[in-house]
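Structural description and commentary
Spelled out from the first residue to the last, the chains are:
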Amino acid sequence: MKSLINTYNTLLEEDITIETIEKNINQYNIYPQSIYQKNNSILFMVKHYNTKYLIILGEGPLLDSFEGEFLSSTKGKICPTSHVNSKLLRKYFPFTSPVSHKNHSITLGLGDRLGLASIGHIRLLKDYDVFPVLAQQSIRELNLTSRDYNDVLDSASWAVFQEGYDLGFGADGDHLKTVEEVQMALDCGFTMITLDCSDHIDSSINEFTEIEIENNYLTIDKLIRDKLEKKYLNKTFSISDDITITFKDIDFKKIILIYLDTIQFTTQIYNDLIAPLGSKIDFELSIDETLFSTSIEAHFLIASELIQRGVEITSLAPRFYGEFQKGIDYIGEKDKFEKDFYLHFLVSKHFNYKMSVHSGSDKFKVFPIIGDLTKGCYHLKTAGTNWLEALRVIALKDKKLFREIFQFALDNLEKARVYYNIKGDPNKLPLLEEISDENLIKLLDNDDVRQILHITYGLILQEKDYKDKYRFKNHIYEVLNTFEDTYSAFLINHIGKHLEKLKVPKL
Ligand code: ZN
């Protein structure tokens, strides 16, 4: 901290103006887009030995509010990017607070597991007509990265400030399953809630015989059954000029048995926690974490019931035909996906919400279909692919570290399969010692490698050595902080390919 204070004391010797600061960008490691003038102060962000700070120069309320160390003259302060300061940043600079994305057609979820990817995301997306949900983490990801929602949001706020990006961003509490989880995300200021209903979907019904379905259906409260039958049984609904949906006897009963609890649970969460906050929250329903694809009839009935019960749905994620595996391209017949996706899209249009595509990274084969059929109105989530780009930086800049990480991932693959279901096969890979340093980076283009590294991130980040120190984590952060611009460039390239295939228009 001393050398840091000495460095910035010399800036105070000059007459402080925006021009002086801009002249000294390189000498003081100032982020050029982060220079602001507000309430008699000049503020900007710097990087000092791989740590970022906010510098406030000039007297005023900001100098007094933010926590940090005064420079010798007391007309300046060096402030850490702590949670206290993050909250003040959001107060004084409202564009660093997340907002609802309701009026935006294309919205993109960008899980930033390490809290370092938003810079690259912003540098890319600022030129496109797309609203970024920069902060997006599931509880599983929080646990595996040892982070909390404050930290996830704070990282996004500082990135937005550093890059001078004031077009708005969202924060998604992703795949939340309980009242407590939803409440926690809302308390931290998250603007999007993705409710994961997988614990309230009874998949076992799929194995039932017709008689079993009949018998089980009769155990549902008669009043509930009567109401639903009156509305749907043998009724036909049109979702476009020439496409209709009819609820035939046994299919109808099966849908009710599988999803009635989903409908009731979602309504309760919405009424208790989301509705009181009005339309500030984007509410997404996720029924995608199942082994079977969601039928069009089930999608229609769930949406219809929720809307009648007053639930305002911003987006809904069904499980589509085919496989959306993490970090690799779509697996399945493209024609069948196109038909299935189109019908789901018609249902979403009928009820006036967006389709949400989960595990949406790297699905280049079907991106044009998604972009075209929705006429550019959808939500798409990516997460792990940003972590893989981080590893690409390490494969380029610290080959020894990359080899150690990859070997560790191979040795611990079975443990990671508990959290994630993938097909990645280590037996298909060439031996690590036979791969030259130059070719290491190409491993990140191999589907098996991508999946293996995709799911082992938690184990990699949490692994400790015999001295109880992180074996990889600090080293990974050091490399990525040192080569921040390389990481951004890789993300611009990789996520840029997504935008191109999705045909996202430029601003
Ligand atoms: Zn999902």
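Above this text you will find the structure in question.
Here we summarise the structure given alongside this text. (Residues numbered from 1 in each chain as written. Predicted model: local features only at pLDDT ≥ 70, side-chain atom pairs only at ≥ 80, totals over all residues. Heavy atoms only, no water.)

All right, on to the sheet that holds strand S2 (residues 41-48) then. One open sheet accounts for five strands, arranged S1-S2-S3-S5-S4; its pairing is antiparallel. A single partner strand is all that each edge strand has here, and the edge strands are strand S1 (36-38) and strand S4 (69-70). Note that S1 and S2 share three bridges and pair antiparallel. Opposite Gln37, over in S2, you have Ile42 as the bridge partner. (Pairing = 2+ DSSP bridges. Helix = DSSP H or I, 4+ residues; strand = E, 2+ residues; numbered from the N terminus.)

We now examine the coordination of the zinc ion. Note on the zinc ion: its protein donors are His175 (NE2), Asp288 (OD) and His358 (ND1). The metal-donor distances range over 2.1 to 2.2 Å. Taken in sequence order, the residues that donate to the zinc ion follow the motif H-x112-D-x69-H. On the criterion of sequence distance, the pair formed by His175 in strand S9 (residues 171-176) and Asp288 in the loop between strand S13 (282-286) and helix H12 (296-308) is long-range, its members being 113 residues apart. Since its relative accessible area comes to 11%, Asp288 is described here as buried. (Donors = N, O, S within 2.8 Å, 3.2 Å for Na, K, Ca; no water. Buried < 20%, exposed > 50% of the residue type's maximum accessible area, 1.4 Å probe, protein only.)

In spatial order, the strands read S7-S6-S16-S15-S14-S13-S10-S9-S8; together these nine strands make up an open sheet with parallel pairing. Each end of this open sheet is capped by a strand with a single partner; those strands are strand S7 (131-133) and strand S8 (135-138). Strand-to-strand, the axes of this sheet are offset by a mean angle of 20°, without reference to chain direction. (Axes fitted to C-alpha atoms, helices over the stretch in contact; angles between N-to-C directions.)

As for its position among the elements, Gly278 is in the loop between helix H11 (249-274) and S13. Judged by its relative accessible area of 34%, Gly278 falls in the partly exposed class. Remark: the alpha-carbon pair of Gly278 and Glu312, spanning 34 residues in sequence, is separated by 9.7 Å.

Assignment of secondary structure puts Gln27 in the loop between helix H2 (18-23) and S1. Considering only alpha carbons, one finds Gln27 and Ala489, 462 residues apart in sequence, at a separation of 23 Å.

The way to describe two aromatic rings as a pair is by their centre distance and the angle between their planes. Scanning the model with the defined rule gives 28 aromatic pairs in all. Site record: aromatic cluster; members linked through ring pairs are Tyr36, Phe93, Phe95, Trp158 and Phe161. Stacked on the ring of Tyr457, the Lys or Arg Arg113 has its end atom at 3.9 Å from the ring centre. The residue whose ring lies beneath Arg225 is Tyr217, and the NZ or CZ to ring-centre distance is 5.8 Å. (Phe/Tyr/Trp six-rings, centres within 6.5 Å; stacked < 30°, edge-to-face > 60°. Lys NZ or Arg CZ within 6 Å of the ring centre and 35° of its normal.)

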